[in-house]
Amino acid sequence: MKKTKSNFLKFISVLAVLLAVLCAFSACNNNGTDVESTPTPTVEATETPTTAPESTPTPTSAPTPTPIDPLLIPEGASANITYDIDTSVLGKEITNKVSTMNMWMFNMFWLDEAKDQPHDFFAKEYPFVETMQFMQATGGNADRDLFINPKNKNVLDDYYFDELIEACRNLVNQGVTPCIKTGNVPQKYSTVDTTGTFGVNLFPPDDYDVYYNYIKAIAQALVDEFGLEEVQTWSWGCYTEYENRDWFTINDNAEETLIAFCKIYDYTVAALQDVLGEEIDIGAHSMSCSEGLWDERSFIEHCANGTNYATGKTGTRLTYLAGSFYDSNPNSVTEDNLIRTINVLRDKAVSVGLTNLRYGIDEGRLLSGTVKGRNAWDLISRVVGQTYQGAYDARIIKQMIDNDIDYFAAWAYKSSSSVWEGLDTVSLHVAREFYKMVGSKEITAVKSGSEVSGGEVGATASYDPETGKIYIMAYNFGDKIYYDGREKLMFNVKLPEGCTSVKVTRSLVDDDANFFDEFEAFREEFDIPDNHFSQSPESAQVNDNLNDTLSRAFFEAKYDIFAEASKLIPTEGTAEVTDGTLSLYLDAAPQATVFYVIETK
């Protein structure tokens, strides 16, 4: 994967780049495709933008929305949906549902690219991220196996942990806790090392003691570098989608594969406990949103009541269970599949006496777009760029609050797959604003009225008695990427006793806080076709997806405009309160998400 540029191009330099690109374009006669990319034989001829490079507009500032007092209620305004919110009865604490991100390969973004970053980068950009998952971090192919020579099957202990240690150091320097998800078995440990759909060894080790020594050596190397007390605060996972035959299988034999995975899990736990102690934080990630080769509930039964293959005792350490959750595309969203996915795991765990586990989603959101790119329909980081994604995420957060789901790991939050660069997306805005609610107590938000546009309006409210702050998150979600329904909302907030004045800050995540609608207009203006994108053009990760040289140069020439358009600009207002109730009105645009922070005095 190519690194994207970290600095915005100035217009003069852009013209020079465009002229150079045009010369190369003419000389190569490659129909506008990136000369560095490997062509796919079945791809149809790529179209080129019809506007000449000389016509690239001079970047100008994106229009800034006119601030509107969040306390303003237009004369004659009426709401079709009202929420009555009461601070007098406190419910459960709002926990951090957006605490986790995942990295497909830790050595993509957490080595050289990470070491020179300011130590407060994550604190500023991703204040909500507490944990970073390094997926398949310990093996499965030559790029993941932690050896000096991964292909030499005659030497089984030529361990090379330097890159994993460096990545963890860079992560800890950002104030983020590693979650190391052990990968598939290194290829040199399996006589049969057939690779599957995801390019990793599908088979178990020939010798489980050899595999135990490998995992133990990894844990010891981390303790030697960071100290036992530090590494004991980290979490661990075993495999990705363990019952998915595309990740792990013994010739599609369900029973053999189940036994082999339970053995791998037991030996992994034993190796980690021998270095870190009994109280390690470890779990496993199943699919659960769809049927696998075998029933994941059999693994949960094994952890509770089975005979441990490594120790011979009953049961195995398990502190959390995770699943995958995907909606197929933005025009086909399920009503409760997230809840059902978690309940498959939780119901089984509770039934066998495992009552104190955490539950989360280790990967997911939207699998595909509604438009195909040059190579695929897939969304690069499983999110669309349209404002739809903000309301979708807010809806998921509400479902997690309502159903005690602990976290949802995200692939990316900016317009690049790298955490270090890219434009802010609506997903990032929603995560940042929701994080302000963490630690407050949920309060009732009773809904009356009904939607008039065929969408779904939802709201969650909370109150922090120590700070006197009241929080509201609400969304107008429609299960169509270009849903066009508006909803008129009223929030009647019963304030704490004795409150005489308020300050209200409203953060509205809509098209005025998103670069992607400007980007879509830009695409139309310059006739940039779908096949100038590797995957679905609806992917939020434009930096990685737009791979036609000339079209990309046009995009970079307007980067400053997109950056300005991506900003979320809160509005504020103050008011005196006479009757103990505050009313807030919002004419909610399609797919808008709103956050209110009410400071009481």
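Residues numbered from 1 in each chain as written. Predicted model: local features only at pLDDT ≥ 70, side-chain atom pairs only at ≥ 80, totals over all residues. Heavy atoms only, no water.

1. Examining the pattern of salt bridges
- Scanning the model with the defined rule gives 29 salt bridges in all.
- In this structure, Glu125 engages Lys414 in a salt bridge whose closest nitrogen and oxygen atoms are separated by 2.8 Å. Residue Glu125 is found in helix H4 (residues 121–125), and its partner Lys414 is found in the loop between strand E9 (407–408) and helix H12 (426–435); the two are separated by 289 residues along the sequence.
- A cluster of three or more residues bridged by salt bridges with shared partners is formed by Glu125, Lys414, Asp424 and Arg432. (Salt bridge = Lys/Arg side-chain N within 4 Å of Asp/Glu carboxyl O. Helix = DSSP H or I, 4+ residues; strand = E, 2+ residues; numbered from the N terminus.)

2. Structural notes on the sheet that holds strand E12 (residues 469–477)
- Strand order in the open sheet formed by 9 strands is E15-E14-E17-E12-E11-E10-E1-E13-E16, with mixed pairing between adjacent strands. Of all strands in the sheet, those with a lone pairing partner are strand E15 (571–576) and strand E16 (581–588), marking the two edges. Neighbour-to-neighbour, the strand axes of this sheet turn through a mean angle of 20 degrees, independent of strand direction.
- One ladder, built from 9 bridges, connects strand E11 (residues 456–464) with E12; its direction is antiparallel. Considered in E12, the bridge of Tyr463 is made with Ile470. (Pairing = 2+ DSSP bridges. Axes fitted to C-alpha atoms, helices over the stretch in contact; angles between N-to-C directions.)

3. Re helix H15 (residues 549–557)
- With 8 of 9 residues buried, H15 lies mostly within the body of the structure.
- Taken as a whole, H15 has its buried residues at Leu550, Ser551, Arg552, Ala553, Phe554, Phe555, Glu556 and Ala557.
- Where H15 begins, one side-chain oxygen reaches toward the backbone nitrogen of Leu550, 3.2 Å away; that side chain belongs to Asp548. (Buried < 20%, exposed > 50% of the residue type's maximum accessible area, 1.4 Å probe, protein only. Polar contact = N/O pair within 3.5 Å; in protein donor to acceptor, adjacent residues only side chain to side chain.)

4. Quick notes on the nonpolar core
- Ranked by size, the top nonpolar core spans 119 residues in total, and within it Trp110, Phe134 and Phe299 carry the most contacts.
- Setting aside anything within four residues of it in sequence, one finds Trp110 in contact with Met103, Phe122, Met132, Phe134, Glu166, Ala167, Asn170, Leu171, Gln174, Val419 and Trp420.
- Membership of the second largest hydrophobic core comes to 27 residues, among which are Leu71, Ala459, Ile472 and Phe491. (Core = buried A, V, L, I, M, F, W, Y, C linked by side-chain atoms within 4.5 Å. Contact = heavy atoms within 4.5 Å.)

5. So, the side chain of Gln541
- Following the sequence through the fold, Gln541 ends up in the loop between helix H13 (516–525) and helix H14 (542–545).
- Setting aside chain neighbours within four positions, we find Gln541 in contact with Ile380, Ser381, Val383, Ala412, Lys414, Ser415, Ser416 and Ser417.

6. Focus: the packing of aromatic side chains
- On inspection of all chains with the given rule, the structure shows 54 aromatic pairs.
- Ring geometry for Tyr126 versus Tyr413: centroids 6.4 Å apart, planes at 45 degrees, classification tilted. Of the two residues, Tyr126 is situated in the loop between H4 and strand E3 (131–134) and Tyr413 in the loop between E9 and H12; the sequence distance between them amounts to 287 residues.
- Residue Tyr126 is classed as buried on the basis of its relative accessible area of 1%.
- Among the aromatic residues, those joined into a cluster by ring pairs are Phe515, Phe516, Phe519, Phe522, Phe526, Phe533, Phe554, Phe555, Tyr559 and Phe562.
- In this arrangement the basic side chain of Lys188 is found over the ring face of Phe147, its NZ or CZ atom lying 4.4 Å from the centre.
- Above the face of the Tyr413 ring, Arg365 is positioned so that its terminal group lies 5.8 Å from the ring centre. (Phe/Tyr/Trp six-rings, centres within 6.5 Å; stacked < 30°, edge-to-face > 60°. Lys NZ or Arg CZ within 6 Å of the ring centre and 35° of its normal.)

7. Thoughts on the packing of helix H8 (residues 254–276) against helix H9 (residues 296–305)
- Running from N to C, H8 and H9 cross one another at 45 degrees; their axes reach a closest spacing of 11 Å. Here H8 is positioned oblique relative to H9, judged by the angle of their axes. For H8 against H9, the interelement crossing comes out right-handed. Every residue of H9 that contacts H8 at Leu258, Phe261, Cys262, Tyr265 and Asp266 is listed here: Ser298, Phe299, His302 and Cys303.
- When the residues that make up the contact of H8 with H9 are grouped by side-chain class, the tally is 6 nonpolar, 2 polar and 1 charged. (Parallel < 35°, antiparallel > 145°, perpendicular 65-115°, else oblique. Left-handed = near helix turned anticlockwise from the far one by under 90°. Nonpolar A, V, L, I, M, F, W, Y, C, P; charged D, E, K, R; others polar.)

8. Points about the environment of Glu556
- Tracing the sequence through the fold places Glu556 in helix H15.
- We classify Glu556 as buried; its relative accessible area is 11%.
- Counting along the chain gives 13 residues from Glu556 to Asn543, while the straight-line C-alpha distance between them is 9.2 Å.

9. What to know about the sheet that holds strand E5 (residues 235–238)
- If you trace the 8 strands from one edge of the open sheet to the other, you get E2-E3-E4-E5-E6-E7-E8-E9, paired in parallel fashion. Bordering the open sheet on either side are strand E2 (100–103) and E9, each of which pairs with just one other strand.
- In this sheet, E5 lies alongside strand E4 (residues 177–182) in parallel orientation, the contact comprising 4 bridges. Paired with Cys179 across the strands is Ser235, a residue of E5.
- The sheet strands contacting H8 are E4, E5 and strand E6 (281–285), and the helix crosses E6 at an angle near 160 degrees.

10. Comments concerning the pairing of strand E17 (residues 593–600)
- The buried fraction of E17 amounts to 7 of the 8 residues, a majority that puts the element mostly inside the structure.
- Direction of pairing for strand E14 (residues 501–509) relative to E17: antiparallel, over a ladder of 8 bridges. Pairing of Ser507 across the sheet is with Phe595, part of E17.

11. So, H12
- Most of H12 sits out of view: 9 of its 10 residues are buried.
- For H12, the set of buried residues is Val426, Ser427, Leu428, His429, Val430, Ala431, Arg432, Glu433 and Phe434.
- Those residues of H12 that are buried lie in contact with H4, strand E8 (358–366), helix H11 (388–402), E12, E14 and E17.

12. Some remarks on the side chain of Gln399
- Inspection of the secondary structure assignment puts Gln399 in helix H11.
- With a relative accessible area of 12%, Gln399 lands in the buried category.
- Setting aside chain neighbours within four positions, we find Gln399 in contact with Glu335, Leu338 and Ile339.

13. With respect to unusual backbone geometry
- A positive phi is found at Glu241, a non-glycine position, where the angle reads about 45 degrees.
- Along the chain, the position of Glu241 falls in the loop between E5 and H8.
- The class for Glu241 is buried, based on a relative accessible area of 6%.

14. Here's the deal with the environment of Asn80
- Checked against the element boundaries, Asn80 lands in the loop between helix H1 (11–28) and strand E1 (81–86).
- In sequence terms Asn80 and Glu487 are 407 residues apart; their C-alpha atoms lie 7.0 Å from each other.
- A polar atom in the side chain of Asn80 sits 3.0 Å from the backbone oxygen of Ser450.
- A distance of 2.8 Å separates a polar atom in the side chain of Asn80 from the backbone nitrogen of Lys488.

15. A short note on the packing of helix H5 (residues 162–173) against helix H6 (residues 208–226)
- H6 packs onto H5 with a crossing angle of 45 degrees between their chain directions and a minimal axis gap of 10 Å. Our classification of the angle between H5 and H6 gives oblique. Seen along the crossing, H5 lies across H6 with a hand that is right-handed. Between H5, through Leu164, Ile165, Cys168 and Arg169, and H6, the contact on the second element is made entirely by Ile218, Ala221, Leu222, Glu225 and Phe226.
- Across the contact of H5 with H6, the residue classes tally to 7 nonpolar, no polar and 2 charged.

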